[in-house]
Each structure stands twice: as C-alpha cells, then as structure tokens.
Amino acid sequence: MFKSFIKKIISTDIKEDKYSYIKDMKFGTIAKSNAPDKWVRSTCGYCGVGCGLYIGVKDNKAVRTKGDPAHPVSKGTLCPKGIMEHEMVHSPNRISSPMINKNNTLEEVEWDEAFQHTADKFKEVQKKYGKGAVACVSTGQFLTEDFYTLGKFMQLGLESNNYDGNTTLCMASAVMGYKQTFGSDGPPASYEDFSHADVIMLIGANIADNHPILKLHIAKNKKINGKKPTIIVIDPRFSKTANMADIFVPLAPRSDLALINGLCHIIFEQGWEDTKFIQEKTTGIKEFRKHVMEKYKPQDVAITTGLEVKTLYELARVYAASPKALSAWTMGVNQSSIGTDTVSAICNLALITGNLGKEGAAPFSITGQCNAMGTREFGFTSSIPGYRNFANVQDRIDFANIVDVPVDLVPTKRGYSYPQIIEAIERDEIKALWVTATNPLVSFVDQNRLRKAFKKLDILVVQDAFMSETAEIADVIFSAATWSEKEGVYTNSERRCNYAKKAIDPLGKCMSDANIIIEFSKYFEGKYELLFKNFNSSADIFEEIKKVSAGRLCDYTGMDYEKIEKLGGIQWPCNETYPEGKKRLYTDGFECNTDDGKAKLLPVDWQPLTESLNKNFPLNLNTGRTVEQWHTRTKTKSIALLDNLAPEAWVEINPKDASKLEVTSGDRIKVASARGHVSNIIVKVTEVVREGDIFVPFHFNTQLINKLTLFDFDPKSFEPNFKQCAVNMYSQKHPEGIKVKEKENTVELSYHKNEFQNTQVQEKVKEYDK
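Caption draft 1: Looking closely at the sheet that holds strand E28 (residues 725–730). Strand order around the closed barrel formed by six strands is E23-E27-E24-E26-E25-E28, with mixed pairing between neighbours. Ignoring which end each strand starts from, the neighbouring axes of this sheet average 45 degrees apart. Pairing of strand E24 (residues 650–653) with strand E26 (residues 677–685), which is carried by four bridges, proceeds in the parallel orientation. Across the sheet, Val 651 pairs through a bridge with Val 683, a residue of E26.

Here it is as structure tokens:
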C-alpha cells in the first residue's frame with residue numbers, strides 16, 4: 001500500500017506507461033506507447049534510394065516506421081525522414097476533402113462538384129483557346145500506376161501534350177545525357193557497384209545529406225575488396241560528403257564539364273585510354289579525341305576550374321589506372337544550363353577507360369525523388385511509355401495497338417516542358433493548369449516571375465495530399481491519398497522496381513491519384529470507356545504497364561506485385577531472359593539503343609555562366625538540400641523531430657566575406673539578386689564555402705531563396721540552372737552590401753580562386769581575364 005501511494009505521488013506509473021517496452025514478434029523489444037497491431041512491408045516514399053521498410057499500423061493509423069532488414073537496398077537502415085515517415089501521414093497539413101475556392105475562401109465540397117466544376121472550366125478553356133491551353137505539371141512522388149494513368153488521360157483524354165513533371169527540375173539532364181550517349185534513358189549501374197569499385201568519383205553529389213543510405217554500400221567496399229576504395233569528391237563546397245574523400249576537388253562553380261574534358265585530354269595524351277573497349281563498344285572516337293586535344297589543354301582547364309595542372313594529372317591518373325571506376329552524380333551536375341552535356345562528358349570519361357557494363361564501373365546518375373524513374377519510364381511526358389519516341393511512327397503505332405486507341409490520338413511530338421509551360425502562361429497561350437503533388441510556389445526558379453504568371457490563369461487545379469503554398473492559391477483542390485494509403489510501385493536509382501503496399505485507408509474523402517484521374521475522366525464523354533474501362537485496381541494498371549513495356553529496355557513483363565515484394569524489388573529489364581532482373585546495362589552482348597548498338601563519344605563544350613558576377617552582385621549563390629527536410633517541406637514541416645533539427649534556412653558564408661559584412665554566426669542578413677531579395681536569414685560562418693560563394697538550402701518558404709534564382713535552362717533538357725546566380729549580402733553594419741574595387745571587372749569576379757592554387761595559375765587567370 002505504501003509503495004502504491006509513493007508510486008502515485010511521484011507519478012512513476014505515468015512514466016512507466018510512457019517509457020515501458022514490450023516484446024514485438026518482428027522487431028523484438030519496442031516502445032509500448034506506439035506498439036502496432038501489425039506490420040506492413042513497403043517502400044519509403046521520399047528520395048530515389050528506395051529503402052525497404054515496415055509500416056506499423058494500429059487502429060487504421062500508421063504509428064511507426066522501421067527499416068526492413070531483408071531489403072537489399074537499405075538492410076534495415078533508414079535516414080531521419082524515413083524513420084519518421086509515419087508522422088507525415090497524419091500531418092495537420094493534410095487535405096481531407098476536395099475543395100473549391102468560393103469568394104476567396106477554399107471550401108470543402110463533394111467529389112462530383114469538384115469534378116464537374118473543373119471539367120466545365122477545362123472544356124471552356126479548350127473550346128476558346130485550343131486543346132493545348134490546358135497543361136499539367138506533375139511530380140516524382142506518384143506511384144508508377146498514378147503516372148501512367150495521368151499521362152494517358154492528359155495525352156489521349158484531354159488531348160494536350162503540354163504535360164511535364166517536376167522531375168525536369170532535377171533529373172531531366174541525366175535523362176537527355178543518357179539518351180545522347182546510349183540512345184536511351186536508364187542508369188546502367190547498381191548500388192552494389194559502390195561496394196566493388198576501386199575508385200568512386202562523386203561529382204556534385206552530396207550523398208551524405210541527400211542519399212545517406214548509399215554510404216552503407218560504400219562502407220561495404222573494404223570488406224568485399226579487402227581495401228578501401230579511393231573516394232574522389234568534386235564539389236565547389238566542402239559538403240558533408242567531402243569528409244569521406246581521399247581526394248577533394250574544390251573546382252570553380254559549374255566548371256565540371258571543362259574538368260571532365262580536361263581529364264579526357266590527359267588520358268589520351270598519356271596513352272591511358274582503353275583502345276580495345278573504344279573500338280568495340282563506341283563510335284565517334286576520331287572527332288572526340290580531336291575535340292578534347294585541341295580545346296581542353298590542361299593549362300586552359302586549370303584556368304577555368306581554378307585547379308592546379310598537377311591536380312588534373314593526378315585525377316586523370318587515379319581514375320584511368322583503376323580497374324573499376326564508378327562515377328556518380330546528382331543535382332550539382334543536373335541542375336545546370338549545360339547539365340545534359342556534362343552528363344555526356346561523364347559518360348565519355350567512362351567509355352574511353354572501359355568503365356561500363358562490368359561490376360564496379362559505370363557512369364551512375366543518382367535519382368532525386370522516390371519515383372522520378374517511374375515517370376521517365378511510363379509517365380508519358382518527354383516520351384511515349386516504354387521509352388518510345390514521339391517522332392517515331394512505328395513507336396506510335398505499337399503503343400496505340402497495345403492500349404487499343406486510334407493511332408492519330410498519340411502525339412507526334414513532345415509538348416511544352418515545365419519552363420515552357422510557364423512562358424506559355426505568360427503569353428496567354430495556356431489558361432488552365434493542373435498541378436499534381438508538387439509545389440512550384442517554393443520549388444521553381446525566379447518566384448516573382450512565376451507568381452505573376454499564375455495570376456493570368458483562368459483556373460489552377462492542385463491535386464495533392466498536403467496544403468502546400470500552391471494549394472493555398474488554387475481554384476480547385478483534388479484531395480489525394482498519400483504514401484501508405486495506396487498500392488503500387490516505385491522505381492529507384494538503380495532501376496529497382498519496389499512494391500509500396502497499402503497499409504491504411506485514405507484520410508477522409510481522399511482517393512488515390514490514379515482513382516482521382518479515372519473518376520475525373522468520366523466527366524469527359526467517351527474517355528473513361530476508351531482509356532480506363534479495364535482499370536479496376538492498381539494491379540490492373542500494372543498489367544497494362546507490363547504490356548507496354550514488353551520488349552523494351554525497361555521491360556517489366558517478368559514482374560508481379562508478389563514477386564517484387566518477395567525479392568525486395570526487381571531491377572529491370574525483367575523478362576524470360578532475366579527472370580529476376582538485371583543488375584547492369586550494356587554488359588557484353590547487351591547493346592545500346594543506337595543504330596549500331598554502340599555508345600556515342602560526343603564532343604561537348606563547357607560554357608561560361610549566363611549571369612556573370614559584377615560590382616553590384618559579386619557573390620555566387622549555390623542552393624541545395626539538407627538531410628532533415630524534404631523538398632518544399634509539405635511532408636516534413638509538421639514532423640517535430642525533423643523541423644526542430646532544421647526549422648529555417650541559413651546562409652553559409654566564408655569567414656573572409658563575414659568580416660567584410662562584420663557579421664558572425666547567428667546574425668541575420670539580407671541576400672539579394674537582380675530578381676528579388678530574402679531578408680532575415682540566419683548566418684552560419686564556415687569554411688565549407690570559399691570566399692565569394694554562399695550556400696542556402698531551398699526548402700523554406702519563409703526564406704524563399706528561389707526568389708533570387710535565375711530563369712535560365714538547359715536547352716536540351718529544360719532543367720533550371722539552380723546552382724549559380726549573382727547575389728549580394730547586406731548586414732546591419734553594411735546596408736550597402738559587399739563592395740568590390742572598380743578595377744575588378746565582371747570576368748575576374750566569375751573566377752573563385754582556389755586557396756590550394758599556386759601563384760603561377762593565378763597569374764594565368766589574370767592574364768586570361770585581360
């Protein structure tokens with residue numbers, strides 16, 4: 001009795017309940033407070049790594065997330081976002097019902113009213129302005145079944161080819177680079193190759209923040225090879241990933257294409273190329289060799305990159321001497337107005353050294369979003385599903401026959417890309433925009449211009465699970481189910497098709513994205529019957545995807561949901577020849593999708609920055625991500641653990657620039673470009689960035705850094721140049737900002753002198769500038 005009284009007085013009964021543990025059949029000892037009734041095996045819905053996990057479910061609510069120990073990608077591990085993913089599902093930021101803006105207020109409505117209102121407006125716009133006046137910007141977050149359904153409805157239902165995805169903001173350059181070189185999209189490598197490579201070259205890839213689970217595959221390398229691989233990190237910023245490097249290469253911003261061409265020059269000069277591989281597996285060697293030998297001499301490349309000549313020779317030697325060299329890159333390469341050609345340059349380097357089609361060797365694009373690959377394969381944006389070409393008559397006929405539609409419905413060319421859609425809105429050519437699971441009011445460049453364009457629309461429809469900044473200004477909202485509430489597949493960076501199982505019922509009146517599109521199609525005469533009459537489940541959609549994929553590079557015909565789950569994902573192609581998938585593309589006997597089956601060595605050129613630094617804006621702004629947040633924070637800002645770790649944006653400033661402004665860490669400043677400014681941003685003084693460069697994460701609407709970024713795009717991929725634009729910083733003590741001497745002209749300021757660079761190269765830079 002006394003013990004009971006003391007227990008009650010000091011509240012240990014409450015604490016015991018809160019902190020006590022129970023035995024779980026699957027994971028052993030776990031906290032009692034959120035112990036699930038069941039575990040549902042699934043796949044993470046954040047980045048392109050594609051980690052396997054279990055969703056803990058109690059009373060139809062996701063209450064826990066645990067890594068799947070048997071999954072070949074992640075082996076039971078998860079990053080901070082994955083660990084807390086269950087909290088995203090029941091975020092206060094969720095939208096539980098379709099909505100219509102009535103008298104400047106978003107009001108909940110029934111689905112019929114939302115669909116009828118939107119269908120009437122779309123028909124009105126198309127009658128007045130033409131079919132293409134209705135456009136759609138999609139996502140990299142859908143399931144492949146959602147992508148396929150949306151693309152089919154946009155292209156064949158609404159008959160508008162002005163349809164693109166937000167994947168154009170992250171992966172389009174990798175797609176076009178692969179197409180230029182290999183004749184088709186498709187990363188040729190596996191994560192397993194990180195564990196087998198002798199040299200790993202990470203170019204513009206901060207995997208420690210953006211793809212942290214990949215570090216586990218690198219860590220396995222020593223166990224497998226018996227020695228640690230040589231890790232080369234190429235980045236203007238000393239990121240978290242740079243801490244892993246044996247060789248850190250702090251090149252000048254966006255000079256990577258020049259660097260790669262320079263390495264190829266040295267490899268030819270020294271006779272380090274793989275002549276046999278070049279002769280057997282490539283075309284264009286004569287023109288390519290002449291190009292790099294004439295235009296990318298080491299002395300010139302040293303000037304462009306800010307690196308020492310001896311560093312270039314050492315890099316070329318280490319890479320070329322390696323029996324197995326793996327090059328991997330992410331946004332630092334892709335998000336550039338020369339991103340496509342930079343990707344092809346990386347492929348060139350791999351090809352001339354024979355680093356393709358074998359274990360531990362490839363040019364490997366690491367995907368940003370959980371299913372950016374799915375939309376590339378079957379999304380119907382930049383190509384016909386199954387990696388078919390709009391301009392190819394036979395491809396159009398084949399697709400039309402498979403899905404049983406008239407061939408003249410299949411577009412003969414790609415419509416407008418994402419940035420071209422914005423420009424068409426500005427011209428009053430597009431009047432209706434359908435935005436699905438993306439948030440352009442934070443993620444797109446030159447925000448002031450974008451927001452001005454959106455005001456010209458007759459109707460903005462947002463289909464999302466979350467009340468994003470874009471949803472807040474919508475005329476109509478289609479409320480969608482999110483991860484764990486629907487069934488289908490994601491494809492990760494290594495072409496692994498993973499199964500995402502439905503664990504709980506959708507919130508409120510929400511429907512899966514595919515179901516929303518199918519139901520919406522019924523408001524357009526004959527379209528449901530033509531396109532979706534056989535789509536009664538996700539599995540039905542997947543079966544049609546398999547038919548569309550048959551005989552293509554991205555062949556799914558050997559897959560089904562049960563098999564995918566059993567194997568922990570399957571890497572395409574998966575068919576009778578490769579019943580459990582194929583780890584690598586372009587191995588012996590596996591040809592490229594070119595006329596002669598060989599990869600192309602392409603002479604590509606570095607170009608200077610579109611916007612030079614100048615006396616008013618003498619600093620370069622680099623934007624990126626942090627591990628705690630996801631994209632525009634629609635999924636993560638309400639998760640306390642993640643938001644407490646990174647509640648707002650910050651600006652990284654070199655100590656020399658901080659002294660010019662007389663600021664220290666914790667102070668707040670303003671950053672501005674020719675397009676806008678961001679105020680009240682907290683300072684982080686660090687040598688992670690060099691003098692003249694600053695870095696700001698782009699996630700935060702409260703410090704909306706994309707007000708500053710440039711409306712500048714790769715002409716082949718249409719991917720924005722997020723990583724470089726001219727800015728200045730303004731402090732309380734120096735409201736005039738950082739000033740430069742008049743004698744320093746704009747060209748000089750475009751070069752950021754490397755602290756490791758010698759006097760001789762500095763003199764060459766000055767001479768070159770003059």
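Caption draft 2: Spatial organisation of helix H24 (residues 513–521). Extensive coverage of H24 is indicated by the burial of seven of its nine residues. Among all positions in H24, only Asp 513, Ala 514, Ile 516, Ile 517, Ile 518, Phe 520 and Ser 521 are buried.

Caption draft 3: Representation of the sheet that holds strand E3 (residues 38–43) within the structure. The sheet built from three strands is open, its strands ordered E3-E4-E5 with antiparallel pairing. Every interior strand has two partners, whereas the edge strands, E3 and strand E5 (61–67), have only one. Each neighbouring strand pair of the sheet contributes to a mean axis angle of 30 degrees, computed without reference to strand direction. Here strand E4 (residues 52–58) runs beside E5; their pairing, made up of six bridges, is antiparallel. By the bridge assignment for E5, Ile 55 is matched with Thr 65.

Caption draft 4: Layout of the packing of helix H7 (residues 172–182) against helix H17 (residues 339–352). The contact between H7 and H17 brings their axes to 7 Å, and the two run at 45 degrees. Comparing the axis directions of H7 and H17 gives the class oblique. Crossing geometry of H7 relative to H17 is assigned as right-handed. Residue-level inspection shows Ser 173, Ala 174, Met 176, Gly 177, Tyr 178, Gln 180, Thr 181 and Phe 182 of H7 in contact with H17, the latter providing Gly 339, Thr 340, Asp 341, Val 343, Ser 344, Cys 347 and Leu 351. Residues belonging to the contact of H7 with H17 are distributed by class as follows: seven nonpolar, seven polar and one charged.

Caption draft 5: A look at unusual backbone geometry. A cis geometry characterises the amide bond from Trp 572 onward to Pro 573, with omega recorded as 5 degrees. Residue placement: Pro 573 occurs in the loop between strand E21 (570–571) and strand E22 (599–600). At Asn 103, a position not held by glycine, the phi torsion is positive, near 55 degrees. The exposed category is assigned to Asn 103, whose relative accessible area is 73%. The phi dihedral of Tyr 586 falls on the positive side, at around 60 degrees, and the residue is not glycine. Within the element layout of this structure, Tyr 586 appears in the loop between E21 and E22. Looking at Tyr 586, the relative accessible area reads 5%, which means it is buried.

Caption draft 6: Spatial organisation of the environment of Glu 308. Here Glu 308 shows up in the loop between helix H14 (298–305) and helix H15 (309–321). Of the residues examined, Glu 308 reaches a relative accessible area of 11% and is grouped as buried. Distance in space between the C-alpha atoms of Glu 308 and Pro 579 is 49 Å, their sequence separation being 271 residues.

Definitions and cut-offs
Residues numbered from 1 in each chain as written. Predicted model: local features only at pLDDT ≥ 70, side-chain atom pairs only at ≥ 80, totals over all residues. Heavy atoms only, no water. Pairing = 2+ DSSP bridges. Helix = DSSP H or I, 4+ residues; strand = E, 2+ residues; numbered from the N terminus. Axes fitted to C-alpha atoms, helices over the stretch in contact; angles between N-to-C directions. Buried < 20%, exposed > 50% of the residue type's maximum accessible area, 1.4 Å probe, protein only. Parallel < 35°, antiparallel > 145°, perpendicular 65-115°, else oblique. Left-handed = near helix turned anticlockwise from the far one by under 90°. Contact = heavy atoms within 4.5 Å. Nonpolar A, V, L, I, M, F, W, Y, C, P; charged D, E, K, R; others polar.

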